Amino acid sequence: MGAAPAVVLLSGGLDSATVLAIAREEGFATHALSFDYGQRHDRELDSARRVAQALGAARHLVLRLDLRAIGGSALTADIPVPQGRTVEAMGAGIPVTYVPARNTIFLSHAMAWAEVLECQDIFIGVNALDYSGYPDCRLEFIEAFERLGNLATRAGVEGRTRLRIHAPLIRLTKAEIIARGAALGVDYGLTWSCYAPRPDGLACGRCDSCLLRAKGFREADLCDPVPSAP
Ligand SMILES: [Zn+2]
């Protein structure tokens, strides 16, 4: 018998790349799932493709899903991405980069694919420490979704499979995530975090995502291979 399949949500960012490496390390045949959802930083999809290939995903599916038609986020509507905020400011309240119900939407698709693959394991790179502002990045949310998955699917109701949602980064700091991934051979040069890339293609260096990434590399005492604007 081959390795058991796992569906891994892959955005092309640093966290999900690390999760893909962790799922592989745990012996799963990884099935990476990305979304072309109308995000303003579509560059991350190129990163997702390269990360999936580099980390030996058995398959990589990119689903098209137009969340821009819904809007309501700085990532899917013409709302400015906040720049130059302190970590304290980021932690206070839910930022405008929150995409309404995004992780619920993504996990629902992952669950559907998992059911077809007869797969019990879904991996997601949510992190409650360095982005406490997002309600769908909390452990309670993940646990509730796991319960939902076992009620909502034929595979769950017939008792053939028991769905598990793995969130291996949930209690890690960004620095711990980077150290873990580096140890597993993740090439962070393939990943993309910036919410607002500049016209010249460089990461802006000032959005929340860039600032958290920079802080993570600094605290992990490693160099970020992706250059950003000074
Ligand atoms: Zn940025």
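The coordinates are above.
So, how was this worked out
Residues numbered from 1 in each chain as written. Predicted model: local features only at pLDDT ≥ 70, side-chain atom pairs only at ≥ 80, totals over all residues. Heavy atoms only, no water. Helix = DSSP H or I, 4+ residues; strand = E, 2+ residues; numbered from the N terminus. Contact = heavy atoms within 4.5 Å. Axes fitted to C-alpha atoms, helices over the stretch in contact; angles between N-to-C directions. Parallel < 35°, antiparallel > 145°, perpendicular 65-115°, else oblique. Left-handed = near helix turned anticlockwise from the far one by under 90°. Salt bridge = Lys/Arg side-chain N within 4 Å of Asp/Glu carboxyl O. Buried < 20%, exposed > 50% of the residue type's maximum accessible area, 1.4 Å probe, protein only. Nonpolar A, V, L, I, M, F, W, Y, C, P; charged D, E, K, R; others polar. Core = buried A, V, L, I, M, F, W, Y, C linked by side-chain atoms within 4.5 Å. Donors = N, O, S within 2.8 Å, 3.2 Å for Na, K, Ca; no water. Tetrahedral: all angles 85-135°; square planar, octahedral: opposite > 155°, others 65-115°. Expected span 1.5 Å × (residues − 1). Arc of directions from axis to C-beta. Pairing = 2+ DSSP bridges. Right-handed = clockwise from strand over helix to strand, strands pointing away.

Engineer: For this particular structure, what's the right way to read the side chain of threonine 18?
Structural biologist: Locating threonine 18 in the fold gives a position in helix 1 (residues 14-25). If sequence neighbours within four positions are ignored, threonine 18 has contacts with Leu169, Ile177, Gly181, Val186 and Tyr188.

Engineer: So what exactly am I meant to see when it comes to the packing of helix 7 (residues 174-183) against helix 8 (residues 208-220) here?
Structural biologist: Between two packed helices, the angle of one axis relative to the other and the distance separating the axes together describe the packing. Closest axis-to-axis distance for the helix 7/helix 8 pair is 7 Å, and the angle between their directions is 65°. Of the possible angle classes, the one that applies to helix 7 and helix 8 is roughly perpendicular. Judged by the sense of rotation from one axis to the other, the crossing of helix 7 with helix 8 is right-handed. On helix 8, the residues that touch Lys174, Ala175 and Ile178 of helix 7 are Leu212, Arg213, Gly216, Phe217, Glu219 and Ala220.

Engineer: Just to check I follow, could you spell out the pattern of salt bridges for this structure?
Structural biologist: When charged atoms on two side chains of opposite charge get close, those side chains can pair. The final tally for this structure, using the stated rule, is eight salt bridges. The salt bridge partner of aspartate 15 is lysine 174, with a shortest N-O separation of 3.0 Å. Placement of the pair is aspartate 15 in helix 1 and lysine 174 in helix 7, with a sequence separation of 159 residues. In this structure lysine 174 comes out as buried when scored by relative accessible area, which is 11%. The salt bridge involving lysine 215 is made with glutamate 219; its shortest N-O contact spans 3.3 Å.

Engineer: Sorry if this is basic, but what is going on with the packing of helix 4 (residues 102-117) against helix 5 (residues 139-152) here?
Structural biologist: Running from N to C, helix 4 and helix 5 point in directions that differ by 35°, and their axes come no closer than 11 Å. Crossing of helix 4 against helix 5: the hand is right-handed. Residue-level inspection shows Asn103, Thr104, Leu107, Ser108 and Met111 of helix 4 in contact with helix 5, the latter providing Phe141, Ile142, Phe145, Gly149 and Ala152. For the contact of helix 4 with helix 5, the residue count by class is six nonpolar, four polar and no charged.

Engineer: Teacher, can you tell me more about the nonpolar core here?
Structural biologist: Nonpolar side chains tend to gather and get buried jointly when the protein is soluble and globular. One finds Leu107, Ile122 and Ile142 to be the most contacted residues of the largest nonpolar core, which totals 39 residues. Elements that contribute at least two residues to this core include exactly strand 1 (5-9), strand 2 (29-36), helix 4 and helix 5. For this core, the element with the highest residue contribution is helix 4, accounting for six residues. Those residues in contact with isoleucine 122 that sit more than four places away from it in its chain are Val7, Leu107, Ala110, Met111, Ala114, Leu163, Arg164, Ile165 and His166. Counting residues in hydrophobic clusters, the runner-up holds 25 residues, among them Val8, Val19, Ile22 and Phe217.

Engineer: Please explain the coordination of the zinc ion as it appears in this structure.
Structural biologist: Think of it this way: four donors in a tetrahedron around the metal ideally sit 109.5 degrees apart, and six in an octahedron ideally sit 90 or 180 degrees apart. Of the protein atoms, only Cys194 (SG), Cys204 (SG), Cys207 (SG) and Cys210 (SG) coordinate the zinc ion, at distances of 2.3 to 2.4 Å. Each of the four donor atoms around the zinc ion contributes to a set of angles spanning 102 to 119°, which defines the coordination as tetrahedral. Here the donor residues of the zinc ion are spaced in sequence according to C-x9-C-x2-C-x2-C. A relative accessible area of 8% places cysteine 204 in the buried class.

Engineer: It is not clear to me how helix 2 (residues 43-54) should be interpreted in this structure. Could you clarify?
Structural biologist: Helical geometry: 3.6 residues make up each α-helical turn, so side chains three or four residues apart lie on a common side. In a regular helix each residue adds 1.5 Å, so twelve residues correspond to 16 Å; helix 2 covers 17 Å between its end C-alpha atoms and thus fits that length. All of the buried residues in helix 2 are Glu44, Leu45, Ser47, Ala48, Val51 and Ala52. Axial view of helix 2: buried residues confined to an arc of 155°, hence all on one face. On its buried face, helix 2 sits against helix 1, strand 2 and strand 3 (59-64). Among the residues trailing helix 2, glycine 56 stands out with phi positive, at a value near 65°.

Engineer: Sorry, what's going on with unusual backbone geometry here?
Structural biologist: Backbone geometry follows two general trends: most residues other than glycine have a negative phi, and most peptide bonds adopt the trans configuration. Located in the positive-phi region is alanine 101, a residue other than glycine, with phi close to 60°. One can find alanine 101 in the loop between helix 3 (87-91) and helix 4. For glutamate 118, which is not a glycine, the phi torsion comes out positive at approximately 55°. Tracing the chain through its elements places glutamate 118 in the loop between helix 4 and strand 4 (121-123).

Engineer: It is not clear to me how the pairing of strand 1 should be interpreted in this structure. Could you clarify?
Structural biologist: Each regular strand carries side chains that alternate between the two faces of the sheet. Within strand 1, four of the five residues are buried, which leaves it mostly tucked inside the rest of the structure. As paired strands, strand 1 and strand 2 are joined by five bridges and run parallel to one another. Looking at the pairing, leucine 9 lines up with leucine 33 of strand 2. The parallel pair strand 1 and strand 2 is bridged by helix 1, and the resulting crossover is right-handed. When strand 1 meets strand 4, the two strands line up parallel, connected through three bridges. In the sheet register, valine 7 faces strand 4, and the bridge partner there is isoleucine 122.

Function cannot be inferred from these measures alone, as they are strictly geometric.
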